[in-house]
Number of protein chains: 2
Amino acid sequence: MTRFLLSLALMTSIGAAAAAPASGTYSEPADTSTVDTSGWASLSGPTRLSWASKNIHYRQRATPPQIACSDTTVNAWRGERLGLEALLISPEGCGPLRLSLSDLRQGNRTYRAPGSQASFMRYVTSTSWNACGYPPDTLPTFTVADMIDLPDATVAMQPATVRPIWLTVEVPDNLRPGAYTMTLTATDTKSGKEAGRLDLTINVSKHSLPAGPDQAFYLDLWQQPYSVSRYYGVKPWSDEHLKLMDPYMEKLARAGQKAVSVILFYEPWGEQSNDKFEPMVETYRRPDSTWRFDYTTFDRWVDYMDSHGINANLECFTMVPWQPTYRYRDEATGELRTLEARPGSESYNDLWSTFLTDFASHLRKRGLFDKTMIAMDERGLTDMLAAYRIAKTTVPDLKMSLAGSYHPELVDSLDCYTLIKGDFFPDDVIKRRRDKDRLTLMYTCCATPAPSQFSNSAPADGAYLPVYATATGHDGYLHWSYMNWTDNPLEDTRFHMFAPGDTYFIYPDGRSSLRYERMVEGIQMSEKIRLLREDMRRRCDIDGLQSLENALIPIRSGALNEWYPTSTVVDHLQQTIDELSRR
Amino acid sequence: MTRFLLSLALMTSIGAAAAAPASGTYSEPADTSTVDTSGWASLSGPTRLSWASKNIHYRQRATPPQIACSDTTVNAWRGERLGLEALLISPEGCGPLRLSLSDLRQGNRTYRAPGSQASFMRYVTSTSWNACGYPPDTLPTFTVADMIDLPDATVAMQPATVRPIWLTVEVPDNLRPGAYTMTLTATDTKSGKEAGRLDLTINVSKHSLPAGPDQAFYLDLWQQPYSVSRYYGVKPWSDEHLKLMDPYMEKLARAGQKAVSVILFYEPWGEQSNDKFEPMVETYRRPDSTWRFDYTTFDRWVDYMDSHGINANLECFTMVPWQPTYRYRDEATGELRTLEARPGSESYNDLWSTFLTDFASHLRKRGLFDKTMIAMDERGLTDMLAAYRIAKTTVPDLKMSLAGSYHPELVDSLDCYTLIKGDFFPDDVIKRRRDKDRLTLMYTCCATPAPSQFSNSAPADGAYLPVYATATGHDGYLHWSYMNWTDNPLEDTRFHMFAPGDTYFIYPDGRSSLRYERMVEGIQMSEKIRLLREDMRRRCDIDGLQSLENALIPIRSGALNEWYPTSTVVDHLQQTIDELSRR
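Just so it is clear, the model here is predicted, and its values are computed rather than measured.

Parameters and conventions
- Residues numbered from 1 in each chain as written.
- Chains lettered and ligands numbered in written order.
- Predicted model: local features only at pLDDT ≥ 70, side-chain atom pairs only at ≥ 80, totals over all residues.
- Heavy atoms only, no water.
- Helix = DSSP H or I, 4+ residues; strand = E, 2+ residues; numbered from the N terminus.
- Rg over C-alpha atoms; globule rule 2.2 N^0.38 Å.
- Buried < 20%, exposed > 50% of the residue type's maximum accessible area, 1.4 Å probe, protein only.
- Contact = heavy atoms within 4.5 Å.
- Areas by Shrake-Rupley, 256 points an atom, 1.4 Å probe, with all protein chains shown as cover.
- Pairing = 2+ DSSP bridges.
- Axes fitted to C-alpha atoms, helices over the stretch in contact; angles between N-to-C directions.
- Least-squares fit on C-alpha atoms with pLDDT ≥ 70 in both.
- Phe/Tyr/Trp six-rings, centres within 6.5 Å; stacked < 30°, edge-to-face > 60°.
- Lys NZ or Arg CZ within 6 Å of the ring centre and 35° of its normal.
- Polar contact = N/O pair within 3.5 Å; in protein donor to acceptor, adjacent residues only side chain to side chain.
- Parallel < 35°, antiparallel > 145°, perpendicular 65-115°, else oblique.
- Left-handed = near helix turned anticlockwise from the far one by under 90°.
- Nonpolar A, V, L, I, M, F, W, Y, C, P; charged D, E, K, R; others polar.
- Buried area = accessible area lost by both parts, 1.4 Å probe.
- Salt bridge = Lys/Arg side-chain N within 4 Å of Asp/Glu carboxyl O.
- Disulfide = S-S within 2.5 Å.
- Core = buried A, V, L, I, M, F, W, Y, C linked by side-chain atoms within 4.5 Å.

Q: What am I meant to see in the overall build of chain A here?
A: When you go through chain A residue by residue, the secondary structure sums to 11 helices and 25 strands. The C-alpha radius of gyration of chain A comes to 25 Å, within 12% of the 25 Å expected for a compact globule of 583 residues. Taking the principal axes of the C-alpha coordinates as reference, chain A spans close to 80 × 65 × 45 Å. By residue count, 59% of the 583 residues in chain A fall in the buried class. Long-range pairs, those at least 24 residues apart, make up 73% of the contacts in chain A with a sequence separation of at least 6. For chain A, the exposed surface amounts to about 22,900 Å²; the carbon and sulfur share of it is 50%.

Right, here's the structure in full:
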């Protein structure tokens, strides 16, 4: 438990002093892979700083790119979270550097941009595994700069290494349209001397992006609160636990998360998460074999998420779990017991009809009924239809959701239906569902090798996926694991039978990731597409609409190859969006 | 010459009696290829008639399709030329049949539809050759029903054969929108009994297609008048010659032909045509070495084409011919001589500056200058630029055209520029050219294996190509040979180093072809796309526009394969156009 306690001690100092790397508990993994380092031999002189491409995974010890770009210009909407990448290239190494980011400037005036920050990116262990199942033991590892450290971190550089930097600019919503400048500075912490400086010009458009909770794009990353209580060694659902979760839920809300993941019964998914999912509803069986339910934790969780603006839906897992077993507490003995009950069986129907009646009553009292969906996991169609029947018989207007395969039997029943990327809803089905205000989402997981959201995925994949979901008519994007931390999440993204990084988007102590930031970029592009469409329809700007739809064709087609990767697709679309934003 | 005279004799009787097949001079080729005939063994009974697919080449002796469809419904615009295919299936053979087509009916009223007719399709010899160059001598032949006979023809059937029928309906432009019916009847000429009957319902839209000459789609099929004078043994440019050409030029105008092919000097293209191209301007050299030009034939030809409504442009061949030689008549001796003159040479500049000055003066007198374009053939860029320079120096506002490769040096100079299908003008170039009222066309030839306009091409290719040209931003379609007949064009479509059928679209005595009719279909689809776009833009029908543009995506992509052939693409687009026509 030592690690947890140390980490916890750190948490209390966040924002005031150096973050984990300075503590000694964190050791950034060295890259042990074989790369071409020959280019370093012809390089010398002090550490240099340049704008770099956020589409490239810069290997730490490989021959660095020949780049020297000290200013750059980007376009943004008001309310946008901009992401940029810079790169330190150090032929001879240097002592600890600290980053700082200026306010926005226009003429003689300055403007604060709260939430903006510059941070070192951190290398984490990954492999080339991009499938489901256990990778071979012999699979070599390498490191990628996926983690984005806290802004106060300082980083020294070894000779012949690079260090990427991530810059986040939260463009204030009330800024007047026009050009603003900003400066990023790297300072040697020992000498106090400037080690590098980059200028940035941001052309701020008249258009505005809504705040995360007000976005129409439906983001659903399933939450795993028990990773946090385990990692920091705090009691689940204590005040400390909730406070520790704040940075993750803030990021989740910023990205536009809509659904609260509610666990009804113990562990719906077997081995899928490093930490077991404890129920948020306590189920008791009385001596007379009747059921009783306690919603204390459920209420605490739902209220907590609501305080972060994540409250559009409660997604309750699950009427068809991986194992047909339901844990409950025997009221007489206080012991935990397990009921085995297959969908369609008498015991299943007894448990679920009792529970759903009680739950619906609780939800209605709390005004939550209309936003609650009972989830099913993808299992045999017979089981799913049996579950659906008992739910609808018991509480006819109860909403139901499924992330799974395409079943014609269910497309007109489910209130939220999510297909894996690569499967398709027919156009008329999507339209029919939208006309009835039903949600239609797309997900990726270990079964979608690329584009995907692994630590080894191409960086632009994160931006591509939400836009792809939008371009193909979906309402949003789902991923089963926002924060299912491994035992050593700061250093090693591998876990179990999944592709590395597939199990979490954010790192301990509130650290972001390249994947999270690129996903936000993609969601913002989706929002821009929606708002530009609305605006151009209102103005009957047919040429503009056509230009936008044409730019979406390569994305709708899904055609990607070595010469036409997600980065090219995303960059082209961004250009079109920028052009249309100026009309 | 016997054949020519017989054919000529026939021509005079067209419309009154049986056509060529009855004359004894025509012998429809038998199919000598190996096909599966086993299905005939289980068939017996009288000859049957069914609607069939115009996307299929029905082999004459192969096991016939199991079809029995006696009525069908199609959608049409007013002014549209509809094409449908039917099939006679004869297990036991039958005597000569004659076809007849009723007027249009609605309730108790009938309406004439002039130009509508039902005709037997005729098998012609083809091979699988779809490339440029001489096919191997051993390449097997087969027959395809590409030729559409004259409506008065009668055809008997051998046992175990099929016979396709082509139905053309010219929907009158003044018809009121609504549903009309028509009946096709096959009658045994000996017994006078009905051998088969098919019903057709046509839903006539409120929309109208313009007449051929008023279409915006730019069709340019180069004409070869000397095929006709040779085939019928008449003096070129005699009254007889012009009269004999009427049916071909009527069809050409009906399809929307815009350009008159004018031959300035003897034979621009070497071996490319079975019949030599004689000049339409007579060039004389006086004893003092100066030039004199006679425009008698030119004027006769241009006026003749104008009388058919083909008059938008005069396309004059060619400033850069295949061989750098120019034939002229020595005025002193009356002998024909040849001047060799490479572009850029003194003699070239002397000839062309003299000719163009004289020609421009003649064109201006006749009010034809603005519609005249001097054509170049694709040769070395140096030669083309030299030709362009002397033309523009001599007559600065003279228009120039080229069908060839993409040359950035020429895209902003040429008034008409045609690229082979598969090459592309950048979007901004197409737009720039259109803004300046320059024509941008696409062509196919022996170098475009599929889709193409050979007798062995998939029937839907003919409809696909014009729509593809439109969808990819071109103004129209060009083919180098509308009527370059072989020695035996009624029976054998092979010629020289070309793919079979590549050298002509229409057959002697005014017979149409499947390829011509499908091409007209495609041009009409292009016109519908243009008119629907205009109409929907006017009404700001954004969903309709989007639906249309979406339907064009598969065509713009050009992606075709065995499971996604041109017939599927064309049929899908037709469905969308039909839907949008009803809005």
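Q: Would you mind showing me how to read the sheet that holds strand S18 (residues 325-330) of chain A here?
A: Strand pairs in the sheet, formed through backbone hydrogen bonds, run parallel or antiparallel to each other. Residues and elements named next belong to chain A. What the 4 strands build is an open sheet, ordered S16-S15-S18-S19; its pairing is mixed. This sheet does not close on itself; its edge strands, each paired only once, are strand S16 (291-294) and strand S19 (336-340). Along the sheet, successive strands turn relative to each other by an average axial angle of 45 degrees, direction set aside. Pairing analysis gives 4 bridges linking strand S15 (residues 282-285) to S16, with the strands arranged antiparallel. Paired with arginine 285 across the strands is tryptophan 291, a residue of S16.

Q: Would you mind going over the relation of the copies chain B and chain A with me for this structure?
A: Two copies of one chain are present, and they are related through a rotation about an axis combined with an axial shift. Structural alignment of chain B on chain A gives an RMSD of 0.0 Å, achieved by rotating through 179 degrees and translating 0.1 Å along the axis. Accordingly, the operation relating the two chain copies is best matched by a two-fold axis. Among all residues of chain B, the one whose C-alpha sits closest to the rotation axis is B:Cys540, at a distance of 3.1 Å. A high fraction, 100%, of the interface residues of chain B reappear at the interface in chain A, so the copies pair face to face through one surface.

Q: It is not clear to me how the packing of aromatic side chains should be interpreted in this structure. Could you clarify?
A: The relation between two aromatic rings is expressed through the spacing of the ring centres and the mutual angle of the planes. Counted by the stated rule, this structure contains 62 aromatic pairs over all chains. Seen from their ring centres, A:Phe293 and A:Phe355 are 5.0 Å apart, and the 65 degrees between their planes marks the pair as edge-to-face. Taken as a pair, A:Phe293 in strand S16 and A:Phe355 in helix H5 (residues 346-365) lie far apart in primary sequence, 62 residues in all. One exposure class covers both A:Phe293 and A:Phe355, and it is buried. When the ring of B:Trp269 is compared with that of B:Phe277, the centres are 5.0 Å apart and the planes differ by 80 degrees; the resulting orientation is edge-to-face. Accessibility assignment for this pair places B:Trp269 and B:Phe277 in one class, buried. These aromatic residues form a ring-pair network of at least three members: A:Phe265, A:Phe293, A:Tyr295, A:Phe298, A:Tyr326, A:Tyr348, A:Trp352, A:Phe355 and A:Phe359. Lying over the aromatic face of A:Phe505, A:Arg515 brings its terminal NZ or CZ to 5.7 Å of the ring centre. Over the ring of B:Tyr328 we find B:Arg285; its NZ or CZ atom is 5.8 Å from the centre of that ring.

Q: Would you mind going over the environment of B:Ser345 with me for this structure?
A: Residues and elements named next belong to chain B. Following the sequence through the fold, serine 345 ends up in the loop between strand S19 (336-340) and helix H5 (346-365). Overall, the relative accessible area of 22% leaves serine 345 in the partly exposed class. The spacing of serine 345 and alanine 386 is 41 residues in sequence and 8.9 Å in space, taken between C-alpha atoms. Polar side-chain contacts of serine 345 include one of 2.7 Å to the backbone oxygen of arginine 342.

Q: It is not clear to me how the sheet that holds strand S18 (residues 325-330) of chain B should be interpreted in this structure. Could you clarify?
A: All names here are of chain B. Pairing is mixed across the open sheet formed by 4 strands, whose spatial order is S16-S15-S18-S19. Two strands lie at the open edges of the sheet, namely strand S16 (291-294) and S19, each paired on one side alone. Looking at each pair of strands side by side, their axes are set apart by 45 degrees on average, direction ignored. In this fold H5 packs onto strand S15 (282-285), S16, S18 and S19, with an angle of close to 45 degrees to the strand it touches most, S16.

Q: I keep staring at the packing of helix H9 (residues 514-538) of chain B against helix H11 (residues 566-582) of chain B and nothing clicks. Help me out?
A: Residues and elements named next belong to chain B. Two numbers describe how H9 lies on H11: the axes approach to 11 Å, and their chain directions differ by 40 degrees. The orientation of H9 relative to H11 falls into the category oblique. The handedness of the crossing between H9 and H11 is left-handed. Of the residues in H11, those in contact with Arg518, Glu521, Met525, Lys528, Ile529, Leu532 and Met536 of H9 are Val570, Leu573, Gln574, Ile577, Leu580 and Ser581. Among the residues making up the contact of H9 with H11, the classes are represented as 8 nonpolar, 2 polar and 3 charged.

Q: Is there a simple way to think about unusual backbone geometry in this case?
A: Negative phi values dominate among residues other than glycine, just as trans dominates among peptide bonds. That bond from A:Ala450 to A:Pro451 is cis: its omega, -5 degrees, falls within 30 degrees of zero. With respect to the helices and strands, the residue A:Pro451 is situated in the loop between strand S23 (439-443) and helix H8 (461-471). The backbone phi angle of A:Trp237 is positive, close to 75 degrees, even though this residue is not glycine. Here A:Trp237 shows up in the loop between helix H2 (225-232) and helix H3 (239-255). Classification of A:Trp237 as buried rests on a relative accessible area of 11%. The backbone of B:Ala160 sits at a positive phi, close to 60 degrees, despite the residue not being glycine. With respect to the element layout, B:Ala160 can be found in the loop between strand S9 (155-157) and strand S10 (161-170). Take B:Ala160: its relative accessible area is 22%, and that puts it in the partly exposed class.

Q: Explain the interface of chain B and chain A here, please?
A: Interface extent is often summarised as the accessible area lost during association of the parts. Tallying the contact residues gives 10 residues for chain B and 10 residues for chain A. With both sides pooled, the region where chain B packs onto chain A buries about 940 Å², and carbon together with sulfur makes up 56% of that total. The largest per-residue losses of area from chain B upon contact with chain A belong to B:Arg537, B:Ile542 and B:Gln546, which jointly make up 50% of the total buried on that side. In this structure, the salt-bridge partner of A:Asp543 is B:Arg537, at a minimum N-O distance of 2.6 Å. Taken together, the connections running from chain B to chain A amount to 4 residue pairs in polar contact (both at pLDDT 80 or more). The element that contributes the greatest number of residues to the side of chain B that touches chain A is helix H10 (residues 542-557) of chain B, accounting for 8 residues.

Q: Any chance you could explain the side chain of A:Ser457 here in plain terms?
A: Residues and elements named next belong to chain A. Note on placement: serine 457 falls in the loop between S23 and H8. The exposure class assigned to serine 457 is buried, which follows from its relative accessible area of 8%. At a separation of 3.0 Å, a polar atom in the side chain of serine 457 contacts the main-chain carbonyl oxygen of serine 452. One polar contact links the side chain of serine 457 to the main-chain amide nitrogen of phenylalanine 454, over a distance of 2.9 Å. The residues contacting serine 457, other than those within four sequence positions of it, are His57 and Ser452.

Q: Help me understand the state of the cysteines in this model?
A: As used here, a disulfide is simply a covalent bond connecting the sulfur atoms of two cysteines. Taken as a whole and assessed by the stated rule, the structure comprises 3 disulfides over all chains. Covalently, A:Cys540 is tied to B:Cys540 through a disulfide, its sulfur atoms 2.2 Å apart. On the sign convention where negative is left-handed, the bridge of A:Cys540 and B:Cys540, at about 135 degrees about the S-S bond, is right-handed. Of this pair, A:Cys540 sits in the loop between helix H9 (514-538) and helix H10 (542-557) while B:Cys540 sits in the loop between H9 and H10, each in a different chain. For B:Cys540, a relative accessible area of 27% gives the class partly exposed. For the unlinked cysteine B:Cys316, the closest cysteine sulfur is that of B:Cys416, found at 12 Å. Overall, B:Cys316 belongs to the buried group, its relative accessible area being 0%.

Q: Is there a simple way to explain the nonpolar core in this structure?
A: Soluble globular proteins tend to bury their nonpolar side chains together. Grouped together as the largest cluster of nonpolar side chains are 266 residues, with contacts concentrated most on A:Phe298, A:Met319, B:Phe298 and B:Met319. B:Met319 has contacts with B:Tyr326, B:Tyr348, B:Trp352, B:Leu356, B:Ile374, B:Ala375, B:Met376, B:Ala387, B:Ile390, B:Ala391 and B:Met400, leaving out every residue within four places of it along the chain.

Q: Is there a simple way to think about the packing of H8(A) against H9(A) in this case?
A: Packed helix pairs are characterised by how far apart their axes lie and by the angle those axes make with each other. Residue and element names in this part refer to chain A. Direction vectors running N to C along H8 and H9 enclose 30 degrees, while the axes themselves pass 6 Å from each other. With respect to each other, H8 and H9 are oriented roughly parallel. Handedness of the H8/H9 crossing: right-handed. Where H8 approaches H9, its residues Gly462, Ala463, Pro466, Val467 and Thr470 are matched on the opposing element by Arg518, Met519, Glu521, Gly522, Ile523, Met525, Ser526 and Ile529. Its residues assigned to classes, the contact of H8 with H9 shows 7 nonpolar, 4 polar and 2 charged.

Q: Help me understand the pattern of salt bridges, please; the structure alone is not making it clear to me.
A: Side-chain pairing between opposite charges can occur once the charged atoms of the two side chains come close. The final tally for this structure, using the stated rule, is 74 salt bridges over all chains. The partner of A:Lys431 in a salt bridge is A:Asp435, with the nearest N and O atoms 3.0 Å apart. Of this pair, A:Lys431 and A:Asp435 both sit in helix H7 (residues 427-435), 4 residues apart, which is roughly one turn of that helix. As a salt-bridge pair, B:Glu521 and B:Arg518 come within 2.8 Å of each other at their nearest N and O atoms. Taken together, the residues B:Glu521 and B:Arg518, both in helix H9 and 3 residues apart, mark about one turn of the helix. B:Glu521 sits in the buried class, given a relative accessible area of 11%. In the salt-bridge network here, residues are joined through shared partners; they are A:Glu28, A:Arg122, A:Asp149, A:Arg163, A:Asp509 and A:Arg511.

These figures come from the coordinates and say nothing about function on their own.
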